[in-house]
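Here are the chains, one letter per residue:
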Amino acid sequence: MINLILLGLPGAGKGTASERIVDKYHIAHISTGDMFREAMANETPVGLEAKSYIDKGNLVPDEVTAKLVEERLQQPDTEKGFILDGFPRTTVQAELLEGITKRLNKPLTNVIAIDVDEDVLIKRLSARYMCKNCGATYNKISNPTKVEGTCDRCGGHEFYQREDDKPEVVKNRLEVNEKMNTPLRDFYEKKGILATVDGEQKPEEVFAAIDKILSKD
Ligand code: ADP
Ligand code: ADP
Ligand code: ZN
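Residues numbered from 1 in each chain as written. Chains lettered and ligands numbered in written order. Predicted model: local features only at pLDDT ≥ 70, side-chain atom pairs only at ≥ 80, totals over all residues. Heavy atoms only, no water.

- Labelled according to an unreviewed UniProt entry, the protein appears under the name Adenylate kinase, originating from Lactobacillus colini.
- If you open the UniProt record of the protein and go to Catalytic activity (unreviewed entry), you find "AMP + ATP = 2 ADP".
- Here the protein is described in UniProt, under the heading Subcellular location (unreviewed entry), as follows: "Cytoplasm". (UniProt positions renumbered as here; feature names shortened; annotations may be inferred.)

Here's what the structure looks like:
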């Protein structure tokens, strides 16, 4: 059983690593960012509330986000395990998650932080693009599709850049997330559950480092 949190600043490679982890372990990928984007696209109440925060690169309130995660973790596909990608992002969320995992009897097995320097993150985020059809993540410089204009995962041909990856928003997003990053890591460090990997290696090397940690237990 793998019940994993992936920690890392925006652009660290959480989504990219998650795709590979899911391919190997077939566990549920829970990305709060993806869930908010879907909710915004469907104009649900949560989506409408989240939009004002996300557009500016700020965090959606802890309680709103935690409720979304608690609901998601009750779905049956999480029974074989899950990856939390982008949650928790604050120590308040980490504390709320403790309650959630206790209530649902789904204890965490691993917390892995992906480390990348800020100057690298800025470059990565401005070159990130996504498949419109399946949401797969690519990078114009470091991680393009194998065949130009065709998604490796689904064969789709349409791509887009996230609104919040535009330079004005990226700066604030990084600031907001950096403030929370150290206390969050300390939270899991103190519990003795935190492992770290160097996120500046190639995507397949980052995955190999994560996989080594996951296959230990
Ligand atoms: P996160 O989910 O942490 O925000 P992503 O997985 O979306 O990060 O990756 C951010 C950007 O960097 C994407 O464009 C992705 O293709 C690219 N990327 C991911 N991992 C690496 C890596 N190890 N080396 C270089 N670029 C990467
Ligand atoms: P990234 O891939 O760059 O790490 P995400 O796709 O995870 O970004 O998140 C996009 C946006 O969604 C965040 O900037 C934030 O506004 C909101 N969001 C995602 N996860 C959380 C969270 N755990 N708490 C608060 N807001 C969140
Ligand atoms: Zn695709």
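Now, onward.
Re the site of ligand 1
Step number 1: Contacts to ligand 1 come from 20 residues, most closely from Lys 14, Thr 16, Arg 128, Tyr 138 and Ser 142.
Step number 2: Here Ala 12 contributes a backbone N or O atom positioned 3.3 Å from an oxygen atom of ligand 1.
Step number 3: Contact distances for ligand 1 include 3.0 Å between an oxygen atom and a backbone N or O atom of Gly 13.
Step number 4: For ligand 1, whose accessible area on its own is 560 Å², the fraction buried by protein is 93%.
Step number 5: Within the residue set of the shell around ligand 1, elements represented by two or more residues are helix 1 (14-25), strand 6 (137-139) and helix 8 (203-214).
Step number 6: For the shell around ligand 1, the class distribution of residues is six nonpolar, ten polar and four charged. (Near = heavy atom within 4 Å. Polar contact = N/O pair within 3.5 Å; in protein donor to acceptor, adjacent residues only side chain to side chain. Areas by Shrake-Rupley, 256 points an atom, 1.4 Å probe, with all protein chains shown as cover. Helix = DSSP H or I, 4+ residues; strand = E, 2+ residues; numbered from the N terminus. Nonpolar A, V, L, I, M, F, W, Y, C, P; charged D, E, K, R; others polar.)

Some details on the UniProt feature "binding site: AMP" (unreviewed entry) in the protein
Step number 1: Using the residue numbers shown here, the UniProt feature "binding site: AMP" (unreviewed entry) corresponds to Thr 32, Arg 37, Asn 58, Leu 59, Val 60, Gly 86, Phe 87, Pro 88, Arg 89, Gln 93, Arg 162 and Arg 173. Across 142 residues in sequence, these annotated residues place their C-alpha atoms as far as 24.4 Å from one another, rather than forming a single compact spot.
Step number 2: Residue position: Gln 93 is located in helix 5 (residues 91-103).
Step number 3: Exposure remark for Gln 93: the relative accessible area of 2% places this residue in the buried category.
Step number 4: When sequence neighbours within four positions are dropped, the list of residues in contact with Gln 93 reads Val 60, Asp 62, Thr 65, Phe 87 and Pro 88.
Step number 5: Within polar-contact distance, the side chain of Gln 93 engages the side chain of Asp 62 at 2.9 Å.
Step number 6: Note on placement: Arg 162 falls in the loop between strand 7 (159-160) and helix 7 (167-190).
Step number 7: Here Arg 162 falls in the buried class, since its relative accessible area comes to 10%.
Step number 8: Ignoring sequence-local partners within four residues, the contact set of Arg 162 consists of Arg 37, Arg 128, Met 130 and Arg 173. (Buried < 20%, exposed > 50% of the residue type's maximum accessible area, 1.4 Å probe, protein only. Contact = heavy atoms within 4.5 Å.)

Quick look at the packing of helix 6 (residues 118-126) against helix 7
Step number 1: It is at 11 Å that the axes of helix 6 and helix 7 come closest, and there the two elements cross at 140°. Classified by the angle between their axes, helix 6 and helix 7 sit oblique to one another. The two elements helix 6 and helix 7 cross, and the hand of that crossing is right-handed. Contact with helix 6, carried on its side by Glu 118, Leu 121, Ile 122 and Leu 125, involves Val 170, Arg 173, Leu 174 and Glu 178 of helix 7 and no other residues of that element.
Step number 2: Per-class residue counts for the contact of helix 6 with helix 7 are five nonpolar, no polar and three charged. (Axes fitted to C-alpha atoms, helices over the stretch in contact; angles between N-to-C directions. Parallel < 35°, antiparallel > 145°, perpendicular 65-115°, else oblique. Left-handed = near helix turned anticlockwise from the far one by under 90°.)

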